[in-house]
Structure formats: structure tokens, C-alpha cells
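Working through the structure, step by step
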Amino acid sequence: MVSDLPSRLRQSWHANADAWTHAVREGTIPSRESGTDAAIVEAVVRSLPPAGRVLDVGCGEGWLCRALAALGAETHGVDASEPLVSAARDAGGSYDVLSFDDAGLDPSRLGGPYEAAVFNFALLDDAPGGILRAVRRALSPGGRVYIQTVHPATVGGPYRDGWREETFTSFGGSFEPMPWYFRTFGSWVRVLTGAGFAVIDVIEPLAPAGDAPLSLLLVAEAPLDAF
């Protein structure tokens, strides 16, 4: 039995691969249908040059790579979960099995250079500095990183960094509970600046009723003198 939380987080993406693939492809995740999928696609393509290259980090079953490729981008996805990468490859596109830890140790394994890198609800552990620094090295000068995550204002409990648990009860299907690391807004900014990025935009997609944010979407760049 895996006991430490980062290992349990990684294990959950293997255990939940089939249920996650089904939920994404059948549209059973309410927030995605309400607007978070559209928000990340729109944010990336807004500043992406024609035929720009995009790295999807923590790509899961590959839906975002496929959506961006359909709009003319050249995409590549990486994920630590072999079952998810297998599902992504079956649906078409370029993908590699690669953990955040391994990419942090050898950024060249990410390929590149890319005009954009995306973490779409994929930056979930307590120590993301290594993968963010690796991604910065994989970006072309002026490239951007996009992080969509749970909006801190919509999560109950104390407003401080710490581990939480996701049970996926609203998604349907049979999921294993997943630990994930909650961050305050200020903590997200510190994580990005600590990895050499500067936040240039903050997007808060709203629910259809307009009364609550669906997510927090941060856009950051590395200063040109960092390359």
C-alpha cells in the first residue's frame, strides 16, 4: 500500500485511467462542459502563431492535443500514466510516457522548442518547481506557459496550502480517491516566479450563470534574458 501523498497522486492516474478516459470522452465532468475546456483552448490559440508548437504536460488521454491540432497547432503530449498515453495514441497524435520527475532531471526529453506549454488541471503535487523549470527550458524565447487549475475561492476548508482529497463523485464511473495539493493565489504566483516565470495574465472563466468562477487560469512568460 502506497502511503506517501505524492506517490498516491501518481498512482491514482494509473488506477483511474479507464474511468478518466470515459468521463472526458463522454462529457460527464460538469465544469469541463460548462467552460473550462473552451477556456484553455481559447487562451492558448489567442497568442499562438500559425502552426505553433504546443507541449501538453500531463496530457491525460490527449483531448487538448487533439483540439489544438484541429485548429492548426503542432502538438506533443507527455504523461506519466502509460494507460492514459496509450489511450491518447489510439485516438491519434504525438505522445510520450514521461514523469514530471524524469523531465525535471532531463528537460531535453520534453523536446521543443515550443511556443506554448500547458498544464490543464495537471499541476497537482506539492513540489512543481522542477517540472516548471524544465518546461521553461523547452520553450522558445517569448514562449508562454498556461496553467489551468481549481480556483482557490471555490474550495472549502482553510485558505492555506496543503493536501486535499478529490473523490470524483460528480463525474460518474468508478474512481479511486486522489490526493492533490491546494494552493492559494499567492502561492501560485510564488511557484511561477520561483521557476523563472512572470505572470502576465489571470483568467477566471465564469460558470454560465456568471456568479462563480469555474477555474483559475494563469498565463506566464520567462523573461527573454532568461534564455
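Residues numbered from 1 in each chain as written. Predicted model: local features only at pLDDT ≥ 70, side-chain atom pairs only at ≥ 80, totals over all residues. Heavy atoms only, no water.

The strand order across the open sheet formed by seven strands is E3-E2-E1-E4-E5-E9-E8, and the pairing between neighbours is mixed. The strands lining the two open edges of the sheet, one partner per strand, are strand E3 (95–97) and strand E8 (198–203). Strand-to-strand twist of the sheet, defined as the mean angle between neighbouring strand axes without regard to direction, takes the value 20°. For E8 and strand E9 (residues 216–221), the ladder comprises five bridges, and the chain directions are antiparallel. (Pairing = 2+ DSSP bridges. Helix = DSSP H or I, 4+ residues; strand = E, 2+ residues; numbered from the N terminus. Axes fitted to C-alpha atoms, helices over the stretch in contact; angles between N-to-C directions.)

In this section: the packing of helix H3 (residues 30–47) against helix H4 (residues 63–70). Contact geometry for H3 and H4: axes closest at 11 Å, N-to-C directions at 55°. Looking at the two axes, H3 sits oblique to H4. Handedness of the crossing formed by H3 with H4: right-handed. Contact with H3, carried on its side by Arg32, Asp37, Ile40, Val41, Val44 and Val45, involves Trp63, Leu64, Ala67 and Leu68 of H4 and no other residues of that element. Here the contact of H3 with H4 is built from residues that sort into eight nonpolar, no polar and two charged. (Parallel < 35°, antiparallel > 145°, perpendicular 65-115°, else oblique. Left-handed = near helix turned anticlockwise from the far one by under 90°. Contact = heavy atoms within 4.5 Å. Nonpolar A, V, L, I, M, F, W, Y, C, P; charged D, E, K, R; others polar.)

For the pair helix H2 (residues 17–26) and helix H5 (residues 82–91), interaxial distance at closest approach is 9 Å and the crossing angle is 40°. Overall, the two elements H2 and H5 adopt an arrangement that is oblique. The handedness of the crossing between H2 and H5 comes out as right-handed. On H5, the residues that touch Ala17, Trp20, Thr21 and Arg25 of H2 are Pro83, Leu84, Ala87, Ala88 and Ala91. Split by residue class, the contact of H2 with H5 holds seven nonpolar, one polar and one charged.

Moving on to the side chain of Glu61. Among the secondary structure elements, Glu61 is positioned in the loop between strand E1 (53–57) and H4. By relative accessible area, which is 1% here, Glu61 ends up buried. Side-chain polar atoms of Glu61 contact the side chain of Arg25, separated by 2.6 Å. Those residues within four positions of Glu61 in sequence are excluded, and the remaining contacts are Thr21, Val24, Arg25, Arg66, Leu84, Ala87 and Ala88. (Buried < 20%, exposed > 50% of the residue type's maximum accessible area, 1.4 Å probe, protein only. Polar contact = N/O pair within 3.5 Å; in protein donor to acceptor, adjacent residues only side chain to side chain.)

Before going further, it helps to spend a moment on H2. For H2, the complete set of buried residues consists of Ala17, Ala19, Trp20, Thr21, Ala23 and Val24. Residues of H2 that are buried make contact with helix H1 (5–15), H3, H4 and H5. Downstream of H2 by a residue or two, Gly27 has a phi angle that is positive, lying close to 70°.

Time to look at unusual backbone geometry. Cis geometry is found at the peptide bond from Gly112 to Pro113, where omega equals 5°. Here Pro113 is to be found in the loop between helix H6 (100–105) and strand E4 (114–120). Unusually for a residue other than glycine, Ala51 sits at a positive phi of about 60°. Checked against the element boundaries, Ala51 lands in the loop between H3 and E1. Positive phi outside glycine occurs at Phe121, with the angle close to 50°. On the secondary structure map, Phe121 appears in the loop between E4 and helix H7 (129–138).

All right, on to the packing of aromatic side chains then. Tallying each qualifying case throughout the model produces nine aromatic pairs. For Arg164, the ring lying beneath its charged end belongs to Phe182, and the centroid distance is 4.3 Å. The ring of Trp188 has Arg183 sitting right over it, with the charged end atom 5.8 Å from the ring centre. (Phe/Tyr/Trp six-rings, centres within 6.5 Å; stacked < 30°, edge-to-face > 60°. Lys NZ or Arg CZ within 6 Å of the ring centre and 35° of its normal.)

Just distances and angles here, no functional claims.
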